[in-house]
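Spelled out from the first residue to the last, the chains are:
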Amino acid sequence: MLKIVLLGPPGSGKGTQSEKLVAEYGVPQISTGDLLRNAVANGTELGNKAKAAMDAGELVSDDIVVGMIRERLEEPDTENGFILDGFPRSLSQAEALDELLERLGRPLQAVVHVKVDQEEIVARLLERGRADDNEDTIRNRLKVFEDSTAPLVAYYEERGLLSAVSGMGEVDEIYARIKNALPADARG
Ligand code: B4P
């Protein structure tokens, strides 16, 4: 059972670390970025609405993202847990998540904040080169993170759920830090 949020700026390696957690714990990774990119690639109505915000590095509207998460968390493969990657990204998303998990009777165990220096992030994302990985969009995504997502650090700290780990260095070193930050019954 693992029910956690990975919190961190774009490019901090949340997706990379989630893959390792999925392999070890066998619970699904739920990435709002991946769900949105699939919707854009499939040309769905939701994808068409999300595309402009994503291309500009802005947040997609809460109603779209919260609706997507609600549907995903109601699927049976999440019964033994989940790794939320890139959600929540604002206080209103965090409140919506609390309500949803309370209704499902599956409260969060931990929120792991992955911290990476800004210039390292810009370098990583320029190297990756996804459609939204040009320098202006990356810098806007980092600003949006500071404005909208950073307040979640205090939100989860107050609830006693937050641990911070450095996301600098080798992928395996960072993974070991994340595992250490998990609740004792989930460390395996
Ligand atoms: P995301 O999809 O969440 O962003 P990401 O850049 O992929 O971040 P991640 O931290 O997962 O980085 P990764 O492991 O891939 O968001 C994209 C957009 O979707 C947002 O801007 C927004 O518009 C929208 N969106 C998503 N969720 C939303 C929400 N809840 N509400 C509203 N809008 C939302 O790593 C990045 C790169 O670094 C990779 O190339 C990787 O190989 C490399 N890397 C990883 N670890 C490394 C390491 N230790 N050393 C060197 N390189 C490393």
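Naming follows an unreviewed UniProt entry, where the chain appears as Adenylate kinase of Salinisphaera orenii YIM 95161. If you open the UniProt record of the chain and go to Pathway (unreviewed entry), you find "Purine metabolism; AMP biosynthesis via salvage pathway; AMP from ADP: step 1/1." Among the UniProt annotations of the chain, the heading Function (unreviewed entry) holds the following wording: "Catalyzes the reversible transfer of the terminal phosphate group between ATP and AMP. Plays an important role in cellular energy homeostasis and in adenine nucleotide metabolism."

Considering the packing of aromatic side chains
For any two aromatic rings, the description comes down to two numbers: the centre-to-centre distance and the angle of the planes. By the definition in use, this model includes one aromatic pair. A centroid spacing of 5.1 Å and a plane angle of 90° characterise the contact between Tyr-155 and Tyr-156, whose relative ring orientation is edge-to-face. Here Tyr-155 and Tyr-156 have matching classes, each one buried. Here the guanidinium or amino end of Lys-20 rests over the ring plane of Tyr-175, the centre of that ring lying 5.3 Å away. Here Arg-159 stacks its cationic end above the ring of Tyr-155, 3.6 Å away from the centre of that ring.

Quick notes on the UniProt feature "binding site: AMP" (unreviewed entry) in the chain
Residues annotated in UniProt with the feature "binding site: AMP" (unreviewed entry) correspond here to Thr-32, Arg-37, Glu-58, Leu-59, Val-60, Gly-86, Phe-87, Pro-88, Arg-89, Gln-93, Arg-130 and Arg-141. These annotated residues cover 110 residues of sequence, and their C-alpha atoms sit far apart, with the largest distance between any two at 25.2 Å. The topology assignment puts Phe-87 in the loop between β3 (81–85) and α5 (91–104). Residue Phe-87 is classed as buried on the basis of its relative accessible area, which comes to 2%. Beyond its immediate stretch of four places on either side in the chain, Phe-87 contacts Val-5, Thr-32, Val-65, Val-66, Ile-69, Gln-93 and Leu-97. With respect to the helices, strands and loops of the structure, Arg-89 is situated in the loop between β3 and α5. What makes Arg-89 partly exposed here is its relative accessible area of 26%. The contact partners of Arg-89, leaving out residues within four places of it in the chain, are Thr-32, Leu-59, Ser-148, Thr-149 and Leu-152.

Calculation notes
- Residues numbered from 1 in each chain as written.
- Predicted model: local features only at pLDDT ≥ 70, side-chain atom pairs only at ≥ 80, totals over all residues.
- Heavy atoms only, no water.
- UniProt positions renumbered as here; feature names shortened; annotations may be inferred.
- Phe/Tyr/Trp six-rings, centres within 6.5 Å; stacked < 30°, edge-to-face > 60°.
- Buried < 20%, exposed > 50% of the residue type's maximum accessible area, 1.4 Å probe, protein only.
- Lys NZ or Arg CZ within 6 Å of the ring centre and 35° of its normal.
- Helix = DSSP H or I, 4+ residues; strand = E, 2+ residues; numbered from the N terminus.
- Contact = heavy atoms within 4.5 Å.

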